[in-house]
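Overview (structure and organization)
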Amino acid sequence: MSLPSDIAAELKKILGPEGFLDSEEDLRSFAYDLFATHRPDAVALPATVEEASAVMRLCNQRHIPVYPRGSGTSLAGSPVPVLGGLVLCSSRMNKVLEVSVTDRLARVQAGCVTGNLQKAAAEKGLMYPPNPTSCLYSTIGGNVATNAGGASGAKYGVTRDYLLGLTAVLPGGEIVHMGNRCQKDVTGFDLPRLLCGSEGLLAFIAEVTVKLIPMPESIRTALAYFSDVTEAGSVVADIVSHRILPCTLELMDGVFLRTVAEVYGVPCPEGAGAALLIEVDGPDMVLEGQMKTIEAICEQHKAVGMESATTEEERDTLWKARRGGTAALVRKADRLVTLDYAVPVSLLPRALKIMEKLAEEHKCNVVTIAHAADGNLHPMVLYSPGKPEEDAAYEAFCDASTRAILELGGTISGEHGIGLEKKAYMPMQLGDEQMRIMRGICRLFDPYGIMNPGKLER
Amino acid sequence: MKGPTCEYCGRCLSVCPSYKHHLVETFGPRARIDLARAVAAGELEPGLRYHDAIKSCLQCLACTEICGKGVDGAQIILDARLAEGDGRLTLKRRLEKFVTCTLLPRRELMRNMIRVCSFFQHVFPLDTRGSIRHLPDALCGAAGRRSMPDLAKKSLFDLLPERVMPPDNVTQVGEVALFTGCFGGLVNVEASLRLVNALSLRGYTVFILRAQSCCGAPAQLSGFKEAFEKAQAHNAEVFASCPDMPVLTLCATCHRTLSREYGAAGRELAGRIVDAAVFLQRHDERRGFIGALPENLPAAALLRLRERPVTAADPLVVAVHDPCHFRLDPHVGRAVRRELAARPWIRVVELKDPGTCCGGGGVSSLKNPDIADELGEARARAVVESGADIVTAQCPGCVLQLNNHLKRLKADARACHTLELLGK
Ligand SMILES: Cc1cc2nc3c(=O)[nH]c(=O)nc-3n(C[C@H](O)[C@H](O)[C@H](O)COP(=O)(O)OP(=O)(O)OC[C@H]3O[C@@H](n4cnc5c(N)ncnc54)[C@H](O)[C@@H]3O)c2cc1C
Ligand code: SF4
Ligand code: SF4
């Protein structure tokens, strides 16, 4: 399929030759994310809000599907143009517009890569804390649209917690500035945060204003090994009950540790069935005491080994286990799919046990890591697609684990989003009434249903 | 297609200089890999856009280095270029073919050409200067904003015999052969002379075989497979006359091509390739050679380093720029830093954003002069910020590029080949 020629001509006029692409090569290149692929009919790369607005107005008039896209790093098929139509990609709108030290905020265009925003803030001694693993290549617009989180979520929160305002382009082409530069604001509904996590279903986000905080003075890192995931899980609760909120609490299971040991020759202490990577940040004088307390807690829980780091170099070595582990697993498997669930922190040990049990039951190779302090777990399934029995086992594990998480009172997505991957499960978690309200909101923003169609059933 | 399959995570977008410039997925590694795969599988009829995507890759290897899955993006893209073959032989493409396939392999012809190179500055259309970076850059350099490197009046082969023996008072320790590369042999021979000198002083007999030719990188990187294979077979045969000894290179691109790209015909030679600076470092570490104190160096040698005198108390500040083509051999950068730091008259500083491409080494950057300029200027600024007197690289392309941009910024710092310092 391709767009009607008059629409293509009009889009070309709006966007110029660099901003409108419809060669077969370009269509292929904007078809995918890690989860799914579908070829669009054309690609728009606006350079300004006004161009985006003109594009949206035209598509709305002619009922052409519009698929907002950042870097296409979604893990759930969210930006994939499943019904063809137009991909509206923010990559050329990538500027940091302002970093204000006195107002403690930054204003950036939606296509700005989050790492560049963080760098610009750091140059002025400030920090933008949300750090999804993909922050060096995903866009802030995509992060807002998926409410991205990261390893430091428990202490610092997620994208939504830093959102002060945004400029949205509605399907009709209206340019709306939502929120403002105020650190406090209770006037009206919180529309910026409604758009946060809306996965491109409501509007195209063109510009974002985020809150910044002072950069912490120092950071301390420790890596502690335990006999199993339940023990490691209970350490988490204990640390928090001692009034310490680590900025990182990454949990790795036994299979994960064994892979690291095997691939990198990093020895893992005897009897270790789980590990916790713990980081605290803040004023130097406080960290010393906090680290001592954490060490004592780990001892009480019969840690089978413990290492700590103060310099950046030592810290890198400890992180190697966590980062290198994922890389090693990715290389080991034909395909590795990272699932994403969250449960109340108290239930994390149980959720981890359930994952182990289900993996065994379905004869699936599953390795689990977790952002433990906020109950966000990532079972990673390793398999060879194309082999019928492995495909079936993978499908069965995904289905069973999603249902088990719901039964436990958890959520089917902690940070990766719904997209195509979890589309069928969302109504199970939210129920009819919430789904009805969400559909109503969609209609209010987007009466013709042109925004990211094929995802949420409308 | 061999090797692991791309899973479309997008991580490689974070390091690709060409994506960061264009800001269009089609000109990023993930799409290039996908397009190359689709064409190879017969799923996609390659059009103009495909050609542009494959051609505009700088072959900086950054995507290959970062991929967690182990996908060798740069190689896949290079293979796609070779598979395209000659393509449509437009005038530009014909010129490119003439330079990479006819001129570069013929050293005698080249030598004469260099003498009349000003002629070429007018002959080459701007775009052609692209895919052939090192020597051709020198040939066609002065056109536009690019400045011309100092051309050697005499080539290395005119200056030195085929076999250079160590001085009588030095104990012989071994034999090495030199792969000069087009640049080191014909254009800027300073680094080569310094290297030969340093090797002689350490007791090595150095073979500088006259019959050697271009490593074939310009042909390979421009997609001319036949000429590349010819270069490979030719050099393999030439160096077979110096068997069993290490073959030292002065250029990261030659190094990459000889050690990683040579196939069955050049495998024996590939196994003997060592970067010259790494070779010196290994030797010195084993035998405890320590660079002379500034007091003992000839005044002229020091005068040319910077205006202020170099002393042990006020050492020369040297930054190391890592050429892209050593990206997959990180030991090279480590060895060079150790070797430089071992000299009491040198203090090594780091540039910010280590590993960033300067737009001057490898190939094709000049095909996209805008990217090359953007990258070159950013890298030159990083040198200025670092406070270095001199930035070194083991790649004539990088040295040329950095010097051009340092000059444009009117900076005091300048760039030189690592061996120009190590050889002192
Ligand atoms: C290796 C890897 C690690 C990851 N780690 C994390 C992690 O730690 N935490 C986490 O939360 N996620 C993670 N992700 C998922 C992904 O990176 C995030 O969802 C990210 O926010 C997507 O940003 P993007 O720019 O790539 O958006 P895309 O993938 O292009 O789009 C994602 C969604 O946002 C919408 N969208 C994008 N831009 C706009 C816009 N301007 N206006 C309106 N809607 C828009 C799209 O329509 C789509 O629905 C990871 C992904 C990978 C590949
Ligand atoms: S080449 Fe590697 S880093 Fe790039 S998208 Fe593919 S898997 Fe990811
Ligand atoms: S080799 Fe460099 S320029 Fe080419 S695709 Fe990879 S990262 Fe980009």
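Residues numbered from 1 in each chain as written. Chains lettered and ligands numbered in written order. Predicted model: local features only at pLDDT ≥ 70, side-chain atom pairs only at ≥ 80, totals over all residues. Heavy atoms only, no water.

1. Describing the overall build of chain A
Of the regular secondary structure elements, chain A holds 14 helices and 19 strands. By the compact-globule yardstick of 23 Å for 458 residues, chain A fits well, its C-alpha radius of gyration being 23 Å. Taking the principal axes of the C-alpha coordinates as reference, chain A spans close to 70 × 60 × 40 Å. When the 458 residues of chain A are sorted by exposure, 57% land in the buried category. Long-range contacts, defined here as pairs at least 24 residues apart, represent 72% of the contacts in chain A between residues at least 6 apart. In the form shown here, chain A has an accessible surface area of approximately 19000 Å², with 53% of it arising from carbon and sulfur atoms. Chain A carries 44 positive and 57 negative side-chain charges, and their two centres are separated by 4 Å. (Helix = DSSP H or I, 4+ residues; strand = E, 2+ residues; numbered from the N terminus. Rg over C-alpha atoms; globule rule 2.2 N^0.38 Å. Buried < 20%, exposed > 50% of the residue type's maximum accessible area, 1.4 Å probe, protein only. Contact = heavy atoms within 4.5 Å. Areas by Shrake-Rupley, 256 points an atom, 1.4 Å probe, with all protein chains shown as cover. Lys, Arg positive; Asp, Glu negative; His and termini not counted. Charge placed at Lys NZ, Arg CZ, Asp CG, Glu CD.)

2. Some thoughts on the site of ligand 2
What surrounds ligand 2 is the set Cys6, Glu7, Tyr8, Cys9, Gly10, Arg11, Cys12, Arg30, Ile33, Cys67, Lys69 and Val71 of chain B. Considering only residue class, the shell around ligand 2 consists of seven nonpolar, one polar and four charged. (Near = heavy atom within 4 Å. Nonpolar A, V, L, I, M, F, W, Y, C, P; charged D, E, K, R; others polar.)

3. With respect to the interface of chain A and chain B
Residue-level contacts link 29 residues of chain A with 31 residues of chain B. Here chain A is connected to chain B by four salt bridges. With a closest N to O distance of 3.5 Å, Arg28 of chain A and Glu43 of chain B form a salt bridge. On inspection of chain A and its partner chain B, the count reaches 14 residue pairs in polar contact (both at pLDDT 80 or more). Listed by contribution, the elements that provide at least two residues to the side of chain A that touches chain B are helix H2 (24-29), helix H11 (312-332) and strand E16 (335-338) of chain A. With five residues, the single largest contributor to the side of chain A that touches chain B is H2 of chain A. Looking at the side of chain A that touches chain B residue by residue, the class counts come to eleven nonpolar, seven polar and eleven charged. (Salt bridge = Lys/Arg side-chain N within 4 Å of Asp/Glu carboxyl O. Polar contact = N/O pair within 3.5 Å; in protein donor to acceptor, adjacent residues only side chain to side chain.)

4. Points about the packing of aromatic side chains
Under the definition given, this model contains six aromatic pairs over all chains. Between Tyr383 of chain A and Tyr394 of chain A, the ring centres sit 4.5 Å apart and the planes meet at 10°, which makes this aromatic pair stacked. One end of the pair, Tyr383 of chain A, is in strand E19 (residues 376-383); the other, Tyr394 of chain A, is in helix H13 (residues 388-407), with eleven residues separating them in the sequence. In terms of burial, Tyr383 of chain A and Tyr394 of chain A fall into one category: buried. Consider the rings of Phe179 of chain B and Phe239 of chain B, whose centres lie 5.9 Å apart with planes at 35°: the pair is tilted. Residue Phe179 of chain B is located in strand E2 (residues 174-179), and its partner Phe239 of chain B is located in helix H14 (residues 225-239); the two are separated by 60 residues in the primary sequence. (Phe/Tyr/Trp six-rings, centres within 6.5 Å; stacked < 30°, edge-to-face > 60°.)

5. Some remarks on the sheet that holds strand E4 (residues 86-89) of chain A
Residues and elements named next belong to chain A. Ordered by their spatial adjacency, four strands build an open sheet running E1-E2-E4-E3, and the pairing between neighbours is mixed. Bordering the open sheet on either side are strand E1 (20-21) and strand E3 (66-69), each of which pairs with just one other strand. Against the sheet, helix H3 (residues 49-62) makes contact with strand E2 (42-44), E3 and E4, and its axis sits at roughly 160° relative to E4, the strand it touches most. (Pairing = 2+ DSSP bridges. Axes fitted to C-alpha atoms, helices over the stretch in contact; angles between N-to-C directions.)

6. Considering unusual backbone geometry
Residues and elements named next belong to chain A. Its identity is not glycine, yet Arg104 carries a phi of approximately 50°, on the positive side. Mapping Arg104 onto the fold places it in the loop between strand E5 (96-100) and strand E6 (105-109). With relative accessibility at 37%, the residue Arg104 sits in the partly exposed group. The phi dihedral of Glu199 falls on the positive side, at around 50°, and the residue is not glycine. Locating Glu199 in the fold gives a position in the loop between helix H7 (191-195) and strand E10 (204-211).

Everything listed is a geometric property; what it means functionally is a separate question.
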